[in-house]
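Take a look at the letters that make up each chain.
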Amino acid sequence: MMGGMMTDILISLDDRYLYFSNWRHGDVRQYDISDRANPRLTGQVFLGGAIQRDAPRRVLNDPELKEAPEPVFLKGRRLLGGPQMLQLSLDGRRLYVSSSLFSPWDKQFYPEMVAAGGTIVQLDIDVENGGMKLNENFLVDFGGEPYGPGLPHEMRYPGGDCTSDIWLVNE
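Residues numbered from 1 in each chain as written. Predicted model: local features only at pLDDT ≥ 70, side-chain atom pairs only at ≥ 80, totals over all residues. Heavy atoms only, no water.

**As for the overall build of the protein**
And step 1. Check the secondary structure of the protein and you find two helices and ten strands.
And step 2. Each helix and strand of the protein, ordered N terminal to C terminal, gives the series β-β-β-β-β-β-β-β-α-α-β-β.
And step 3. For 171 residues, the compact-globule estimate of 2.2 N^0.38 gives 16 Å, and the C-alpha radius of gyration of the protein, at 16 Å, lies within 12% of that figure.
And step 4. Along the first, second and third principal axes, the C-alpha set of the protein runs to 50 × 45 × 30 Å.
And step 5. A buried classification covers 47% of the 171 residues belonging to the protein.
And step 6. Within the protein, counting contacts between residues at least 6 apart in sequence, those at least 24 apart form 54% of the total.
And step 7. Per element, the accessible surface of the protein, about 9,500 Å² overall, is 54% carbon and sulfur. (Helix = DSSP H or I, 4+ residues; strand = E, 2+ residues; numbered from the N terminus. Rg over C-alpha atoms; globule rule 2.2 N^0.38 Å. Buried < 20%, exposed > 50% of the residue type's maximum accessible area, 1.4 Å probe, protein only. Contact = heavy atoms within 4.5 Å. Areas by Shrake-Rupley, 256 points an atom, 1.4 Å probe, with all protein chains shown as cover.)

**Quick notes on the sheet that holds strand E1 (residues 6-11)**
And step 1. With respect to topology, four strands assemble into an open sheet ordered E1-E2-E3-E4, the strand pairing being antiparallel. Strand pairing shows two members of the sheet lacking a second neighbour, E1 and strand E4 (40-46), which therefore form its edges. With strand direction ignored, the average angle separating the axes of adjacent strands in the sheet is 15°.
And step 2. Across five bridges, the pairing between E1 and strand E2 (residues 17-22) is antiparallel. Bridged to isoleucine 11 within E2 is leucine 18. (Pairing = 2+ DSSP bridges. Axes fitted to C-alpha atoms, helices over the stretch in contact; angles between N-to-C directions.)

**As for the packing of aromatic side chains**
And step 1. Taken as a whole, this structure holds six aromatic pairs when the rule is applied.
And step 2. With a centroid separation of 5.8 Å and an interplanar angle of 80°, the aromatic rings of tryptophan 23 and phenylalanine 109 are classed as edge-to-face. In this pair, tryptophan 23 sits in the loop between E2 and strand E3 (27-32) while phenylalanine 109 sits in helix H1 (residues 103-109), placing the two residues 86 residues apart along the sequence.
And step 3. Looking at tryptophan 23, the relative accessible area reads 0%, which means it is buried.
And step 4. Take phenylalanine 109: its relative accessible area is 23%, and that puts it in the partly exposed class. (Phe/Tyr/Trp six-rings, centres within 6.5 Å; stacked < 30°, edge-to-face > 60°.)

**Some details on the sheet that holds strand E9 (residues 119-125)**
And step 1. Strand order in the open sheet made by the four strands is E7-E8-E9-E10, with antiparallel pairing throughout. Each edge of the open sheet carries a strand with a single partner, namely strand E7 (86-88) and strand E10 (132-141). The average undirected angle you get between the axes of adjacent strands in this sheet is 20°.

Here it is as structure tokens:
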């Protein structure tokens, strides 16, 4: 059995959606939490992870999935590792996702990502109906850094994001 590993969690500014990254399994989930007693899964996107269809591990029994997810390619680049840090825009329409947790853990669980470099991708969010979709036009690839592949972790918006406790105001 291989349990998931939730590595980041956030709530949209309007308190409607909760997001979390499942670094080991490779998915980002969105739950509608407007009814706190009955959270509802409204979006799930796989961005790599250890249970992909061509992984050396085989999923024998998963009550949530009928079959293992396909590998994800973006702009000709395979997404390696798993979704890790999350940053949600103030309007709740763009969720940015990095792939590196902690380099010693990255080396143990995702050595292929360490060798190729990590990524940051963008998920487009449907704030009215719920749901998420990988933005096919956005990829920050850390594979070609001048001193070798990089591993992105934390991201910050200038002026704040939905996880900030302070915002800059233009007056």
